[in-house]
Amino acid sequence: LASGTAWSRWRSKLRRWIRISATNRGPDAAPLHLLPTLWFRNSWSWGRDDRRPELRALSATGAALIQASHPDLGENWLACSGSPELLFTENESNTERLWGASNRTPYVKDGIGNSVVSSATEAVNPDKVGTKVSAHYRFEIAPGDTQSVTLRLSNVRPSAAPFKNAETVFSTRIAEADAFYAALTEGGLTQDEARVQRQALAGLIWTKQYFNSDVAQWLEGD
């Protein structure tokens, strides 16, 4: 989490497009459950800050829409293409299952998995509110076929057509990425070698994250 002016500038430009594609490489048709998930870090259960953020389903046209409200991060919205079922729980450990203690809420963090795998519909909140949510997409994918979903995270509530410019945005970003990696493969690499290099460099990009470990707080029992 950035702070002060830096955070304000970053947040003013928050427009995140996400595309997830799954291809059936096998010889037979196969079912797929795809669960893009949004959650808030549990910062309210340890007695230091009891302010609780909230994720809530909203009525929208052309997408499943989630409002994310946080005391520090403000208001954000996640739009999910199509009509997935939105599964809400709290991002809290299942203390009954782990340690035999009573849960504060019946909607704990593994409730989404229980709902999908075990058809435990009571494990997710019917009021469509919580601190963790998954958009449940169900597909039957034919051999060789691909299914894709698009999501958009923004600090501005999306319009009635949140994915209107999706193809243009993705085409532009893909072209930019291709040009970036092409400049790094001018040393006579084969096509296969260039693919390996690109995958390796992409993996390094994902490791460039900052982890703020408050050791003193952890030692006190976070």
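Our structure's up above, just so we're on the same page.
It should be emphasised that the depicted structure is a prediction, and the values quoted were computed from it without experimental measurement.

Asker: Summarise the pairing of strand β10 (residues 146-154); cite the residues concerned and give the values.
Answerer: Of the pairings in the sheet, the one linking strand β1 (residues 15-23) to β10 comprises nine bridges and is antiparallel in character. Opposite Ile 18, over in β10, you have Leu 151 as the bridge partner. As paired strands, strand β6 (residues 74-80) and β10 are joined by four bridges and run antiparallel to one another. Residue pairing across strands places Trp 77 opposite Ser 154, the latter belonging to β10.

Asker: Talk me through the pattern of salt bridges; I want residue IDs and the actual numbers.
Answerer: Tallying each qualifying case throughout the model produces twelve salt bridges. Arg 51 serves as the salt-bridge partner of Asp 49, at 2.9 Å between the closest nitrogen and oxygen. Of the charged contacts, one joins Glu 92 and Arg 104 as a salt bridge, the two residues approaching to 2.9 Å between their closest N and O atoms. Separated by twelve residues along the polypeptide, Glu 92 in the loop between β7 (85-89) and α2 (95-99) and Arg 104 in the loop between α2 and α3 (111-118) bring together distant segments of the chain. Since its relative accessible area comes to 8%, Glu 92 is described here as buried. Within this structure, Arg 52, Glu 90, Glu 92 and Arg 104 form a network of salt bridges that share partners.

Asker: So, the layout of surface pockets: which residues are in play, and what are the values?
Answerer: Taken as a whole, the second largest pocket holds about 300 Å³ of empty space. Around the second largest pocket, the lining is made up of 16 residues, and of these Asn 42, Ser 45, Trp 46, Glu 92 and Ser 93 lie nearest the centre.

Asker: Outline the sheet that holds strand β5 (residues 64-70), listing residues and values.
Answerer: The strand order across the open sheet formed by six strands is β1-β10-β6-β5-β4-β8, and the pairing between neighbours is antiparallel. The sheet is open, and its two borders are formed by β1 and β8 (129-130), each paired with just one other strand.

Asker: Can you explain the nonpolar core? Please cite residues and give values.
Answerer: Residues Leu 55, Ile 66, Cys 80, Leu 86, Val 133 and Tyr 137 are the most contacted members of the largest nonpolar core, which totals 20 residues. Elements with a minimum of two residues in this core: β5, β6, β7, β9 (132-141) and β10. Leaving out residues up to four positions away in the same chain, Tyr 137 has contacts with Leu 32, His 33, Leu 34, Pro 36, Cys 80, Ser 81, Pro 84, Val 149 and Thr 150. If you look at the next biggest cluster of nonpolar residues, it comprises seven residues, including Ala 63, Leu 65, Ala 79 and Phe 163.

Asker: Can you lay out helix α4 (residues 166-182) for me, pointing to particular residues and giving the numbers?
Answerer: Compared with the 24 Å implied by 1.5 Å per residue over 17 residues, the 24 Å span of α4 between its first and last C-alpha is a close match. Taken together, the buried positions of α4 are Ala 166, Val 169, Phe 170 and Tyr 181. Taken down its axis, α4 places every buried residue within 90 degrees of arc, on the same side. Away from its buried face, by an angle of more than 90 degrees, α4 presents the exposed residues Glu 167 and Thr 168.

Conventions and cut-offs
Residues numbered from 1 in each chain as written. Predicted model: local features only at pLDDT ≥ 70, side-chain atom pairs only at ≥ 80, totals over all residues. Heavy atoms only, no water. Pairing = 2+ DSSP bridges. Helix = DSSP H or I, 4+ residues; strand = E, 2+ residues; numbered from the N terminus. Salt bridge = Lys/Arg side-chain N within 4 Å of Asp/Glu carboxyl O. Buried < 20%, exposed > 50% of the residue type's maximum accessible area, 1.4 Å probe, protein only. 1 Å grid on protein atoms, 1.4 Å probe; cavity = no way out; pocket = protein on both sides within 12 Å on 5 of 7 lines; lining within 4 Å. Points joined across faces, edges and corners; volume = space filled by probe spheres on them. Core = buried A, V, L, I, M, F, W, Y, C linked by side-chain atoms within 4.5 Å. Contact = heavy atoms within 4.5 Å. Expected span 1.5 Å × (residues − 1). Arc of directions from axis to C-beta.

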